[in-house]
Amino acid sequence: MAESHLTCALHFQLAFILPSVFVFLGGLLTILVFRSIRCVYRFILKQIWRKKVKNKNVWWSNKRKQKSVYYLRIFSTQMEMMLSAQTSMGRVLMILVFVLDIGTLIIYFIDLTKAEQFAFSFPDRIIYVDKFFSAFFVFYFGLRFVAADDKLRFWLELNSLVDFFTIPPVFISALLRRNCLGLHFLRALRLLDLPRILQILRITKDNYSIKLSKLFAVFISMWLTAAGFIHLVENNGDPWVQPANSQPITYFKCIYLIMVTMSTVGYGDIVVQTALGQTSIFFFIIGGLVLFANLIPEVLEIVQSRRSYKSSYEVVSGKNYIVVCGNVTLKSVTTLLQDFLLQDKGNVCTEILFLGESLPSLELEAVFKCYSPYTTFFYGSALNSEDLKRVKMESANACLILADVCSPEPYTEDISNIMRVLSIKNHYPKTRVILQIIQSHNKVYLPDIPSWDWRMGDSIICFAELKLGFMAQSCLVPGLSTLLTSLFIGKENTKTKRKHLKDKMLLGDKDYRVMTFQLSNDFAGMTFIEVCRLCFVKLNLVLLGIELKFGSRGDSAILINPSPQIKLHRNTMGFFIAHSLAEVKRAYFYCKACHSDIQDPEQIEKCQCGSKTFTEKRKRYGASLVFDGELTKPRSLSVLPPQRFVDGVLNAQEEESSGVSLYLTGRFHSCDAVPLHDALLNRQNPAVLYLQDHILLCVFGDASSPLIGLQDFVMPLRASNFLYHELKDIVLLGPLEYLQREWQCIQNFPKLWLFSGSALSFADLKAVNVQDCAACVILSSKIPVSNNPSLVDAESILATLNVRSMEAKPSSVDAVFRARALGNQSEPCYKRIPITTELKFSPNAHFINQAPSSSSDIPEEDLLSLTAAPAGAIFSDSFLTSLLSMTYYNHRILALLQTLVTSRTCPVLEQHWEEDSRLSRNLDNVVQNPSQVRCKLALLPLSGRLLSGGMEDSFGDIYCKALDKFGILCFGLYRLMEEPNPYKSRFVIARPASNLKMLPTDLLFSIVPFNIATTEDL
């Protein structure tokens, strides 16, 4: 019996389905015909318009056409805005359509239940409700059709197809007063709009919830739709089979069948019998397995990640922790963790919370699991106050903000990090922030933040400033980068030193580092030289500088080897080169009353007379100093050599002749702005022929490359602690379109020249006399075009090899000049051009560290650069990233390094000097001129005045003689390697042992006072 069957008969089903097919095909044909007619019409209109263009009474007025198109465009735009939920009415309409879609789906389930219970009486109320819903869908369909720009594409959309096969059957049911399930199950596909509705209602806000809602919408809609299709074909059978091969199966059994099929379980208790059902299952298995296999792991990953990465940190009393945000990647995280392990010697007592703006990759998750005892990852942004609360930013010891050094847009990267600082400081002004930025000129924004305070330990690690400062100082002091690397980071190549040191027992097993600690109050009132000598002789410590406090707000300045006019105050902080903190504490425990007769430094401990006041000690022992049992008076300025540079002011005649003044409050040499064409050299320019002992800077870049900031390279070489005649010419070799962009920032510095060319050209290198230069630096500003890290430094590597190839045939004059510059008594076999190359990917060093010949002893100098990144001929940003953990533990160390490398002082003093002349009042008239307290780095040979005792002198003897006679502070040794050494390569010894015997060829890393003009008389 047909009516007693679970569903309608075949001819009855066709009565409901065929109108939908006719509407779809009829509309599709109409659109295609209309498009064809419009194309023909436009072609005819174009021909007619060409013929009647001069006739004003054209049958179709252009103004009328433009006016009609204008109104049509306005209406279409308004409809698009409303249908895309950009207006309030559009959002209400979209939500209403979705609710009505769910309503029609519920009506389908009601009809389905009644049909399965063999209740075929047509409910009048439901049909009218369904009819009302369908009428609204027709209206909504018309709005979408009018607003669509491409009618054909709209006609073939999924939502349009759902309307075609669900709306007409409703009206057929009302007309025939008979109900049929038909294709009503297609309404389940409208569930795909659920994620968009949830976003409009602001229910889903983050990536987790949005992605999860999309996955569930796809899964549920496909599940219900597939079950509805199986229900339809199985209950009706194949149309071409007689008798019918249908089987009565409920809709919910079809849902069960689809789930079992997707999950690959396949119990076999329910199977399809029709050919249409089997065919549909075949295709569904292919798509369903892919969907199910990808869906379940992704959902589990999202839920697990949300639970682990969106949680809040629980503060444990007494436990320190820091927050790291910004560029949280596999490379940056690995480097940071390695540096923290190095600083803590493997005992990390501080927990590190990483706040990343993207989910960690599998490799990064593995790193977090390896360091799980003291690392935790949180998904969020420092720009979001809720995420800052989750990581308990107010209780953190510090916030470290990482920068992407390889970013193609350094300005955008810096601004993003500065905005993170602003967000943190606005919510938690007392939180200490350590920031990495790429370009130095972006530092000017940070002092504008009200809660930014240098005194609290807020610090800036500027890559360009430090990197170019290191390279500039290496041009004047070869080997300085290696020395500072071992002292500040602790990556000294002890194995290489042992190989080339004759007396290996003098080296010892100690690795010296720069450390800070408070000086004993017994040093108050003494000069720096007096304290420095006492620390070396009595305490076996090398004192580099002090932190001088001034002003009422607790401001301070770091002074390295300051002038004798400055006396130490109570509670002065000192900077030492020492092996351990226990050694540094000797300077704090030292007492004149208790320790003056002690010869062994290890016996200096906290004494029992600590209750005595400083005034009583001064009355008892006076101001005399005892050095090795001998009464010594403080050194006066009368023993200094003849000076040409006193009180930080140039000789008047020299200043007038050079036309040079002191720039930025006397800290740098300056001149009037030099036009670009005046500084531009070419092969026909006679000035090129006289280039000798100059510094060659090779730059790769173009008009679109980000600026390197060459002023950070030039400023240390134009510091006012050098006399004008000591300044070396700097020649910039590179593309003119790039150099002219940099020229705007360096045009006020003297002795600068430009040469348009490339370091890859032999002709250009010969034109700038590369063989006669004092140093060569190679930089690159080009954005890497290859994803292969081995190719990002290709131009820099090829340029380095190009320069090295020009070292083969030096003249005898050059060789002699080279020998004199390095203090060698014998002429070297080869002349090597000192080259410093910047590498963006440090493992590329092996391309450069290949010997020009087959000898295995030649490249030893370059091998040092593999253990300390900036050593010798190679500089990588990996050294600068290591400064982050060092700054966290001691921000004064970073300030000392910046003072040494950039020739600048603390930010507070710079602000004072640039505002007005209040410096003299802030320092109580101690410092009369900022250049007086600035020393300069030098590499000094052992001349007769220093090495009066011949070859028997030790480093300790040289140290004391240089300190007493000239006020020169020696802190490192640059020694020749053992033969065979045809290139006269050297290695660095940081803080040599006091009894280390000196050699005539040794060079001393020294800090020379401001008032010593040259080293020729030493």
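Just so it is clear, the model here is predicted, and its values are computed rather than measured. (Residues numbered from 1 in each chain as written. Predicted model: local features only at pLDDT ≥ 70, side-chain atom pairs only at ≥ 80, totals over all residues. Heavy atoms only, no water.)

**Student:** Could you clarify how one ought to interpret a nonpolar patch on the surface in this entry?
**Tutor:** On the surface, Leu-29, Val-33, Ile-37 and Tyr-41 cluster together into a nonpolar patch covering about 390 Å² of accessible area. Relative to the helices and strands, Leu-29 resides in helix H1 (residues 10-51). On the basis of relative accessibility, which here comes to 55%, the residue Leu-29 falls in the exposed class. (Patch = residues over 30% accessible without salt bridge, like charges linked within 9 Å, V, L, I, M, F, W, Y side chains within 5 Å. Areas by Shrake-Rupley, 256 points an atom, 1.4 Å probe, with all protein chains shown as cover. Salt bridge = Lys/Arg side-chain N within 4 Å of Asp/Glu carboxyl O. Helix = DSSP H or I, 4+ residues; strand = E, 2+ residues; numbered from the N terminus. Buried < 20%, exposed > 50% of the residue type's maximum accessible area, 1.4 Å probe, protein only.)

**Student:** Just to check I follow, could you spell out the sheet that holds strand E2 (residues 350-356) for this structure?
**Tutor:** Taken in spatial order, the six strands of this open sheet run E3-E2-E1-E4-E5-E6, and their pairing is parallel. Lying at the two open borders of the sheet, with one neighbouring strand each, are strand E3 (375-379) and strand E6 (459-462). Adjacent strand axes in the sheet meet at a mean angle of 20 degrees, parallel and antiparallel pairs treated alike. Where strand E5 (residues 433-437) meets E6, four bridges bridge the pair, whose relative direction is parallel. From the neighbouring strand, Leu-435 faces E6, where its bridge partner is Ile-460. Set on the sheet, helix H14 (residues 410-427) makes contact with strand E1 (320-326), strand E4 (399-402) and E5; between it and E5 the angle comes to about 170 degrees. With respect to the sheet, helix H15 (residues 463-476) is in contact with E5 and E6, its orientation differing from that of E6 by roughly 55 degrees. (Pairing = 2+ DSSP bridges. Axes fitted to C-alpha atoms, helices over the stretch in contact; angles between N-to-C directions. Contact = heavy atoms within 4.5 Å.)

**Student:** What is the right way to read the side chain of Ser-563 from this model?
**Tutor:** Inspection of the secondary structure puts Ser-563 in the loop between strand E9 (555-560) and strand E10 (573-578). The exposure class of Ser-563 is buried, given its relative accessible area of 6%. Only 2.9 Å separates the side chain of Ser-563 from the side chain of Gln-565, close enough to count as a polar contact. (Polar contact = N/O pair within 3.5 Å; in protein donor to acceptor, adjacent residues only side chain to side chain.)

**Student:** What's the story with the confidence of the model for the protein in this structure? I'm lost.
**Tutor:** Should the pLDDT be low somewhere, the predicted coordinates at that spot are not to be read in detail. Within the protein, residue pLDDT values average 76, and 74% of them lie at 70 or more. Of all the helices and strands in the protein, strand E11 (residues 625-627) carries the lowest mean pLDDT, 34, while E4 carries the highest, 95. Low pLDDT, under 50, characterises residues 611-657; the predicted model gives this stretch 73 contacts beyond four residues in sequence or across chains. Between residues 916-932, whose pLDDT stays under 50, and residues either more than four places distant or in other chains, the model counts 26 contacts. (pLDDT = per-residue confidence, 0-100.)

**Student:** Sorry, what's going on with the environment of Arg-741 here?
**Tutor:** Within the secondary structure, Arg-741 is located in helix H25 (residues 736-746). Residues Arg-741 and Leu-707, 34 residues apart in the sequence, show an inter-C-alpha distance of 7.8 Å. For Arg-741, the contacting residues outside a window of four places in its chain are Asp-702, Ala-703, Ser-704, Ser-705 and Leu-707. A distance of 2.9 Å separates a polar atom in the side chain of Arg-741 from the backbone oxygen of Ala-703. A distance of 2.9 Å separates the side chain of Arg-741 from the backbone oxygen of Ser-705, its partner in a polar contact.

**Student:** What am I meant to see in the nonpolar core here?
**Tutor:** Soluble globular proteins tend to pack their nonpolar side chains together in the buried interior. By size, the foremost hydrophobic cluster in this structure holds 144 residues, and its most contacted members are Phe-354, Phe-488, Leu-544, Phe-713, Tyr-959 and Phe-971. The element contributing the most residues to this core is helix H18 (residues 528-539), with eight residues. Excluding anything up to four places from it in sequence, Phe-971 contacts Leu-483, Leu-487, Val-542, Leu-544, Ile-577, Leu-937, Ala-990, Arg-991, Pro-992, Phe-1005, Ser-1006 and Ile-1007. Membership of the second largest hydrophobic core comes to 44 residues, among which are Phe-24, Phe-164, Leu-189 and Ile-255. (Core = buried A, V, L, I, M, F, W, Y, C linked by side-chain atoms within 4.5 Å.)

**Student:** Is there a simple way to explain the sheet that holds strand E7 (residues 513-518) in this structure?
**Tutor:** Spatial ordering of the open sheet is given by E7-E10-E8-E9, a layout of four strands whose pairing is antiparallel. Both edges of this open sheet fall to E7 and E9, since each of them pairs with a single strand only. Between one strand axis and the next, the sheet turns through 25 degrees on average, direction left out of account. As paired elements, strand E8 (residues 542-550) and E9 share six bridges and run antiparallel to each other. Bridging from a neighbouring strand, Gly-545 pairs with Ile-560 of E9. Packed on one face of the sheet, helix H33 (residues 891-902) meets E7, E8, E9 and E10 and runs near 50 degrees to E9.

**Student:** What exactly am I supposed to notice about helix H12 (residues 362-370) here?
**Tutor:** For an α-helix the count is 3.6 residues per turn, leaving residues at separations of three or four pointing the same way. Every buried residue belonging to H12 is among Leu-364, Glu-365, Val-367 and Phe-368, and all of these are buried. Within H12, the buried residues cover an arc of 155 degrees as seen down the axis, which keeps them to one side. Away from its buried face, by an angle of more than 90 degrees, H12 presents the exposed residues Leu-362, Lys-369 and Cys-370. (Arc of directions from axis to C-beta.)

**Student:** Help me understand the pattern of salt bridges, please; the structure alone is not making it clear to me.
**Tutor:** Close approach of charged atoms lets side chains of opposite charge pair. The tally for this structure, following the rule as stated, stands at 22 salt bridges. Among the salt bridges present, the one from Arg-190 reaches Asp-193, with a minimum N-O distance of 3.6 Å. Its relative accessible area of 4% is what places Arg-190 among the buried residues. Counted as one network, the salt bridges with shared partners bring together Asp-101, Arg-144, Glu-157, Asp-163, Arg-187, Arg-190 and Asp-193.

**Student:** Is there a simple way to explain the packing of aromatic side chains in this structure?
**Tutor:** By convention here, two paired aromatic rings are described through the distance between centres and the angle between planes. For the structure on display, the rule yields 29 aromatic pairs. Ring centres 4.8 Å apart and planes at 50 degrees place the aromatic pair Tyr-313 and Tyr-321 in the tilted group. Centroid distance Phe-536 to Phe-955: 6.4 Å. Interplanar angle 70 degrees. Geometry classified as edge-to-face. Residue Phe-536 is located in helix H18, and its partner Phe-955 is located in helix H36 (residues 955-966); the two are separated by 419 residues in the primary sequence. Classification of Phe-536 as buried rests on a relative accessible area of 6%. Under the relative-accessibility criterion, Phe-955 is labelled buried at 1%. Every member of this aromatic cluster is reached through a ring pair, and the members are Phe-24, Phe-141, Phe-145, Phe-154, Trp-155 and Phe-164. The ring of Phe-145 carries Lys-151 above its face, with NZ or CZ at 4.9 Å from the centroid. Positioned above the aromatic ring of Tyr-724, the side-chain terminus of Lys-751 is 4.5 Å from the ring centre. (Phe/Tyr/Trp six-rings, centres within 6.5 Å; stacked < 30°, edge-to-face > 60°. Lys NZ or Arg CZ within 6 Å of the ring centre and 35° of its normal.)

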